[in-house]
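An overview of the molecular structure
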Amino acid sequence: MKETINNLKEEITALFTKEHTLKELNDLKVLYLGKTGKITELSKGMKEVPNEEKKEFGMLLNELRELFNSKFETSKEELETAELNKKLASEEIDVTLPGTIINTGAPNILEHIIEEVEEVFMSMGYDVVDGPEIEEDKYNFELLNIPKGHPARDAQDTFYIEDEKVLLRSQTSPVQARTMLKAGGSVPIRMICPGKTYRRDADDATHSHQFMQIEGLLVDKNISLSDLKGTFDTIAKKLFGPDCVTRFRPSYYQFTEPSVETDISCFVCHGKGCSLCKNTGWITVSGAGMVHPNVLRNCGYDPKEWTGFAFGFGAERLAMLKYGINDIRVFYQTDLRESKNFDRKDVE
Ligand SMILES: [Zn+2]
């Protein structure tokens, strides 16, 4: 019996001098201490041992079990430490390596400007209204006090789809006419209509056959030019900063009377004169005026009872001013190298 124990001791010691995997270690445990393991079987033979030898046998058996357990635990610990070190080594992060640049999209700069303007107007109680880009001559010109043959049509020559009746709208003003007609001449109106417009212009740095307008209309009772001035002043300050000063210059449009061109003080030189404002200290940003009585009448509003004002911004012009872009074609050439210079300006 003693010999068997001594043999097992040697066997176990020899076994653990070799390297094992975790699975092999667990198999060894079953082989020696499992239900029918070598040490377990030996314990079962205890009852056949004479009483006077039982104590000694028990001690030897314990020693054997402890030997196995301690060898097993040591090997297991070594193995686990080695595996952990290996894993740490393979997952080491080199913080000096350059990061991976993930390209993310951003809203188009015009979309961004329009949203900004929409927010300002919505905060003042205006609705944002959509209208068709393919428009009838009636809405695009006639209702807006530009009858057939009127010279003002030359400046707004556009793309005709069906004779001279159906065309690509040359301005967003037809949406104003549609809104007034829909309102039936009985309720006040506050709306803006941003959208694409078209003209038969040859494309160059300042002209594009397609551009975006943001037009607005307010119709109510007792509205005067001073309401337009106050509204424009508020909008200009929100878009160009609280120091922005505004002024009106007389102008002429067929659908407004009186008509004005609206200027803001140059936000680069603050009036001193620079290349952006061509040394005048002022920058023209929109056209505006009191809605012409003919237009009110054409669209179902009695001009004796109702008055209103209208204004129109060019989205590209606002973006060009705000971001220092000097060529309108940048917006439509979809050249990412160009547009990515501007589309994240406000986000950064
Ligand atoms: Zn200036």
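You'll find the structure just up there.
Residues numbered from 1 in each chain as written. Predicted model: local features only at pLDDT ≥ 70, side-chain atom pairs only at ≥ 80, totals over all residues. Heavy atoms only, no water.

**Some points on the coordination of the zinc ion**
Coordination of the zinc ion by the protein comes from Cys266 (SG), Cys269 (SG), Cys274 (SG) and Cys277 (SG), over a distance range of 2.2 to 2.3 Å. Taken together, the four donor atoms coordinating the zinc ion span angles of 105 to 116° at the metal, a pattern that classifies the geometry as tetrahedral. Sequence positions of the residues that donate to the zinc ion give the spacing C-x2-C-x4-C-x2-C. Neither Cys266 nor Cys269 differs from the other in exposure class; each is buried. (Donors = N, O, S within 2.8 Å, 3.2 Å for Na, K, Ca; no water. Tetrahedral: all angles 85-135°; square planar, octahedral: opposite > 155°, others 65-115°. Buried < 20%, exposed > 50% of the residue type's maximum accessible area, 1.4 Å probe, protein only.)

**Section: the sheet that holds strand E7 (residues 246-253)**
Reading across from one edge, E1-E5-E6-E10-E9-E8-E7 is the order of the seven strands in this open sheet, with mixed pairing throughout. Only two strands of the sheet have a single neighbouring strand rather than two, namely strand E1 (127-128) and E7. One ladder, built from two bridges, connects E1 with strand E5 (residues 189-198); its direction is parallel. Bridging across to E5, Val128 finds its partner in Ile192. Relative to the sheet, helix H9 (residues 225-240) contacts E7, strand E8 (256-265), strand E9 (282-291) and strand E10 (307-314), its axis offset from that of E7 by approximately 120°. (Pairing = 2+ DSSP bridges. Helix = DSSP H or I, 4+ residues; strand = E, 2+ residues; numbered from the N terminus. Contact = heavy atoms within 4.5 Å. Axes fitted to C-alpha atoms, helices over the stretch in contact; angles between N-to-C directions.)

**A closer look at the packing of helix H1 (residues 2-15) against helix H4 (residues 51-90)**
Two elements in contact, H1 and H4, have axes whose closest approach is 10 Å; the angle formed by their N-to-C orientations is 10°. Compared by their axis directions, H1 and H4 come out roughly parallel. Of the residues in H4, those in contact with Lys2, Ile5, Leu8, Lys9, Ile12 and Thr13 of H1 are Glu56, Phe57, Leu60, Leu61, Glu63, Leu64, Leu67, Phe68 and Lys71. Partitioning the contact of H1 with H4 into residue classes produces nine nonpolar, one polar and five charged. (Parallel < 35°, antiparallel > 145°, perpendicular 65-115°, else oblique. Nonpolar A, V, L, I, M, F, W, Y, C, P; charged D, E, K, R; others polar.)

**Examining the pattern of salt bridges**
Taken as a whole and judged by the stated rule, the model has 17 salt bridges. Notably, a salt bridge pairs Lys148 with Glu142, separated by 2.8 Å at the nearest N-O pair. A relative accessible area of 51% places Lys148 in the exposed class. According to the relative accessible area criterion, Glu142 is partly exposed, its value standing at 34%. Salt-bridge contacts for Arg249 lead to Asp263; the nearest nitrogen and oxygen are separated by 2.7 Å. With a gap of 14 residues between them, Arg249 in strand E7 and Asp263 in strand E8 connect regions that are remote in the sequence. Taken together, the shared-partner salt bridges connect Asp137, Glu142, Lys148 and Arg153 into one network. (Salt bridge = Lys/Arg side-chain N within 4 Å of Asp/Glu carboxyl O.)

**With respect to the state of the cysteines**
On inspection of all chains with the given rule, the structure shows zero disulfides. Summary of cysteine pairing: Cys244 is not part of a disulfide, and the nearest cysteine sulfur, belonging to Cys266, is at 9.9 Å. Under the relative-accessibility criterion, Cys244 is labelled buried at 5%. (Disulfide = S-S within 2.5 Å.)

**What to know about H1**
The end-to-end C-alpha distance of H1, which contains 14 residues, comes to 20 Å, matching closely the 20 Å that a straight helix rising 1.5 Å per residue would cover. Looking at H1, one finds that the buried residues are Ile5, Leu8, Ile12 and Leu15. One face of H1 carries all of its buried residues, which in axial projection span an arc of 90°. Within H1, the exposed residues directed more than 90 degrees away from the buried face are Glu3 and Glu10. (Expected span 1.5 Å × (residues − 1). Arc of directions from axis to C-beta.)

**Quick look at the packing of aromatic side chains**
In the structure shown here, the tally under the stated rule is eleven aromatic pairs. Relative to Phe68, the ring of Phe16 has its centre 5.6 Å away and its plane inclined at 75°; by these criteria the two rings are edge-to-face. In this pair, Phe16 is assigned in the loop between H1 and helix H2 (22-33) and Phe68 in helix H4, connecting sequence segments 52 residues apart. For the ring pair Tyr301 and Trp306, a centre distance of 5.3 Å and an interplane angle of 85° mean the geometry is edge-to-face. For the pair formed by Tyr301 and Trp306, the shared burial category is buried. Grouping aromatic residues by their ring pairs yields a cluster made of Phe121, Tyr126, Phe309, Phe311 and Phe313. Over the ring of Trp306 we find Lys221, and its NZ or CZ is 4.7 Å from the ring centre. Lying across the ring of Phe248, Lys229 places its NZ or CZ 5.4 Å from the centre. (Phe/Tyr/Trp six-rings, centres within 6.5 Å; stacked < 30°, edge-to-face > 60°. Lys NZ or Arg CZ within 6 Å of the ring centre and 35° of its normal.)

Note that every value here comes from positions in space, so none of it alone points to a role or purpose.
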